[in-house]
Amino acid sequence: MAIVLYHGAANGPSLAVLAALAESGVAVERRPIDLLAGERHDLPGVDEPLARDMGIEGEGPVLLVDGEAMTESVFLAQFFDELSDVSSLQPADPFAHWEMMMWCRQITERLSPAAALLGNLAFSRGRLAAMADADFGAMADRIVSADLRARWEVLRDGASIRHKWRTAAPRCRRRWNAARASWRMAANG
């Protein structure tokens, strides 16, 4: 089985996968990539760009197994664990396994995006802003996911969450007030 792991620096989703790989002892060819240069969106051997961009993490590692692209750090860590001949990192007890998966979900869907945003604001914005428009455009054009591409553009352009909230808040207040009014009408018969 030919296995190649494309990964960023040892932090975030890449760190989780690299740690699981080290614990598993599975023999994998590791290829570090520059995530900020958009290298994840143009990987050799990955013909289906959607395979790279469908993951919720967006910029996590990509594992290529016999030509099939796999993403998502939790699933990649499980994959390595299940390929391993050493003792498992996953609990054997079904309830404990469920608990582990719930914590993984909380971290992947809640904590990691917030930490990634803070890290990107602190370290990535300057590098992306310094890119020539044509270079940034060419990189962004390789990103299949419109949502992920928009996040890169917002990060580069310097739009802040506070600005997004200010523009969204009036609409949210109108919807909330309309919902409250309809609840009151329903309660009053």
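Here, every reference points to the structure presented above.
Now for a description of the structure that goes with this document.

Analysis parameters
Numbering of residues starts from 1 in every chain and runs along the sequence as written. In keeping with the model being predicted, local features are shown solely for residues with a pLDDT of at least 70 and side-chain atom pairs are shown and tallied solely at 80 or more, while totals for entire chains, interfaces and linings include all residues. To get the side-chain values, take all heavy atoms of the structure and skip hydrogens and water. Put plainly, a pocket is an open set of points on a 1 Å grid over the protein atoms alone with protein on both sides within 12 Å along at least five of seven lines, a cavity is a set where a 1.4 Å probe fits but cannot get out, and a lining residue has an atom within 4 Å of a point. Grid points are joined across faces, edges and corners, and a volume is the space filled by probe spheres set on the points. The helix count covers DSSP runs of H or I at least four residues long, the strand count covers runs of E at least two residues long, and both are numbered beginning at the N terminus. Nonpolar residues are Ala, Val, Leu, Ile, Met, Phe, Trp, Tyr, Cys and Pro. Charged residues are Asp, Glu, Lys and Arg, and all others, Gly as well, are polar. Any two strands are treated as partners once DSSP identifies two or more bridges connecting them. To get an axis, a line is fitted to the C-alpha atoms, and for a helix only the part in contact is used. The angle between two axes follows their N-to-C directions and goes from 0 to 180 degrees.

The space that makes up the second largest pocket amounts to roughly 200 Å³. Forming the walls of the second largest pocket are A16, A20, S73, V74, A77, Q78, D81, L89, Q90, M100 and C104. Of all the elements, helix α3 (residues 73–83) adds the most residues to the lining of the second largest pocket, at 5 residues. Across the lining of the second largest pocket, the residue classes tally to 7 nonpolar, 3 polar and 1 charged.

A few words now on the sheet that holds strand β2 (residues 29–32). The 4 strands lie next to each other as β2-β1-β3-β4, forming an open sheet whose pairing is mixed. Every interior strand has two partners, whereas the edge strands, β2 and β4 (68–70), have only one. Shown here is a sheet whose adjacent strand axes are inclined to one another by a mean of 20 degrees, direction ignored. Of the strand pairs in this sheet, strand β1 (residues 3–7) and strand β3 (residues 62–65) are connected by 4 bridges, and their pairing is antiparallel. If you follow L5 over to β3, its bridge partner there is L63.

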